[in-house]
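Summary of the model geometry
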Amino acid sequence: MKAFFIDRYGKDTGRIGEVPDPQVGPNDVLVQVHAASVNLLDSKIRAGEFKAILPYSLPLILGNDLAGVVLRVGSAVRRFQPGDEVYGRPPQARIGTFAELVCVNEQALALKPRNIGMQAAASIPLVALTSWQVLVETARLQKGQKVLIHAGSGGVGSLAIQLAKHLGAFVATTTSTDNVEWVKALGADVVIDYRKQDFAQVLQGYDVVLNSLGADVLEKSLKVLRPGGQLISISGPPTPQFAEEQGLSWVLRQAVRLLSSGIRRKARSRNLRYAFVFMRAQGAQLGEITSLVEAGVIRPVVDRSFPLEATADALAYVEQGRAKGKVVIEVR
Ligand SMILES: NC(=O)c1ccc[n+]([C@@H]2O[C@H](COP(=O)([O-])OP(=O)(O)OC[C@H]3O[C@@H](n4cnc5c(N)ncnc54)[C@H](OP(=O)(O)O)[C@@H]3O)[C@@H](O)[C@H]2O)c1
């Protein structure tokens, strides 16, 4: 089959080539990929930034999101059958959706929303699961609570705004001038244009912040939270709890502890909670998201699409950091 893969880590590595078809295990669903979507995670994996946490063997097919049609199922698979239209984010140990075929554990898949096409569906899993795991699972966001979602025009932000509004929250977000009206249309109640305003001077008394930006924004976000509020970051730094859950070695656990000790200490001194979320594949949660998409509550946002042959260009485009919503790879 054709796939985009790397045979060494590095910033601009990766090429399209022929690779062996995947082997279908008992719990696997073999999916003919129609579309995939690009995440910054793909670039970070390609550059080797996750080597210590996710020790992949090379060559490695990249890609963390897919939508497609089930071709075959393993002997233990119960929930899917050939012909089903599915979407998902494969478990982190077995990625590889920039390919014509991929095998995914059935627990990671859900039926694709019936009201949208393959490209729109492929744009959803990783960012929607991230939003769900931050806002529902970790923050336990309640109706009437105030949440600040940074980078509202990004892949995660554009989805998280819609989910937070569905949960009944009051939503503030940050974006640049050109995207202000656009994020309002997604549902944001307050939009801070980061080129003209400092969010930390304007917002206060927030219950939750979802941070996907750098260390400066993370630290400033402490100021907008009420005592008892939660600062939840998906862009780091990771916490000792994360290191524990990932089963990292003693040395790495100490390194992780050090990385986040400053922000954890500052959060504690203000009576705030700091958490790092590293999203995980979860077909059951994705099933809930399917219902929200079919009910018109969540609308996928696709910025641009690229053919599989141009995957390197799609990665370069996302790495510029200006994408509005998601970037999709058309595989079929
Ligand atoms: N831990 C996890 O499980 C997890 C899951 C998903 C993503 N992530 C991480 O979260 C981060 C965001 O991911 P993403 O896919 O949402 O990124 P993305 O789609 O590439 O983000 C691009 C968006 O960021 C906005 N942006 C850039 N600088 C900004 C600033 N200073 N203030 C406000 N908005 C700004 C841009 O808007 P403008 O053009 O208007 O500037 C653009 O729309 C990445 O680091 C990613 O690796 C982590």
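Calculation notes
- Along each chain, the written sequence defines residue order, and numbers are assigned to residues from 1.
- Thresholds applied to this predicted model are a pLDDT of at least 70 for local features of residues and 80 or more for the giving and counting of side-chain atom pairs; totals over whole chains, interfaces and linings are not thresholded and use all residues.
- Neither water nor hydrogens contribute to the side-chain values; these are computed over all heavy atoms in the structure.
- The domain limits used here are those given by an automatic or database domain assignment.
- Contacts were defined at the residue level, with two residues in contact if any of their heavy atoms lie within 4.5 Å.
- The quantity reported as buried area is the accessible area (1.4 Å probe) lost by two parts once they are put together, taken as the sum for both.
- In what follows, salt bridge is the name for a side-chain nitrogen of Lys or Arg lying within 4 Å of a carboxyl oxygen of Asp or Glu.
- Here a polar contact is taken to be a pair of N or O atoms separated by no more than 3.5 Å, where protein atoms must pair a possible hydrogen donor with a possible acceptor and residues adjacent in sequence count only if both atoms sit in side chains.
- Three categories are distinguished: nonpolar for Ala, Val, Leu, Ile, Met, Phe, Trp, Tyr, Cys and Pro, charged for Asp, Glu, Lys and Arg, and polar for the others, with Gly belonging to the last.
- Criterion used throughout: strands pair if DSSP finds at least two bridges between them.
- Numbered from the N terminus, helices here are DSSP runs of H or I no shorter than four residues, and strands are runs of E no shorter than two.
- Any residue with a heavy atom lying within 4 Å of a molecule or strand is counted as near it.
- Calculation of accessible area relied on Shrake-Rupley with a 1.4 Å probe; when residues are assessed, cover is drawn exclusively from the protein chains displayed.

Attention now moves to the domain arrangement of the protein. Under the domain assignment used here, the protein contains domain 1 (2-124 + 300-330) and domain 2 (126-276). Computed from C-alpha atoms alone, the centre-to-centre distance between domain 1 and domain 2 is 26 Å. Taken together, the 17 residues of domain 1 in the interface contact 17 residues of domain 2. For the domain 1 and domain 2 pair, buried surface summed over both sides reaches about 1,300 Å², with 61% attributable to carbon and sulfur atoms. A per-residue breakdown of the area domain 1 buries against domain 2 is headed by Ile53, Ile124 and Lys324, which together make up 37% of the total. Counting the contacts that link domain 1 with domain 2 gives 0 salt bridges. Inspection of the region where domain 1 meets domain 2 yields 7 residue pairs in polar contact (both at pLDDT 80 or more). Residues that form the side of domain 1 that touches domain 2 fall into these classes: 7 nonpolar, 5 polar and 5 charged.

Strand order in the open sheet made by the 3 strands is β2-β1-β4, with antiparallel pairing throughout. Of all the strands in the sheet, just β2 (15-18) and β4 (60-61) have a single pairing partner and so form its edges. Summarising the sheet, strand β1 (residues 2-6) and β4 pair through 2 bridges and their orientation is antiparallel. Bridging across to β4, Phe5 finds its partner in Ile61.

A word on the site of the ligand. Near the ligand there are 23 residues, and of these Gly155, Ser176, Tyr194, Met279 and Ala323 occur at the shortest range. In the environment of the ligand, a nitrogen atom lies 2.9 Å from a nitrogen or oxygen atom belonging to the backbone of Ile234. Out of a free accessible area of 940 Å², the ligand has 86% covered by protein chains. Listing elements by their share of the shell around the ligand, those giving two or more residues are α1 (40-47), α3 (125-138), α4 (155-166) and β10 (170-175). Inspection of the shell around the ligand shows a minimum of three residues originating in each of domain 1 (2-124 + 300-330) and domain 2 (126-276).

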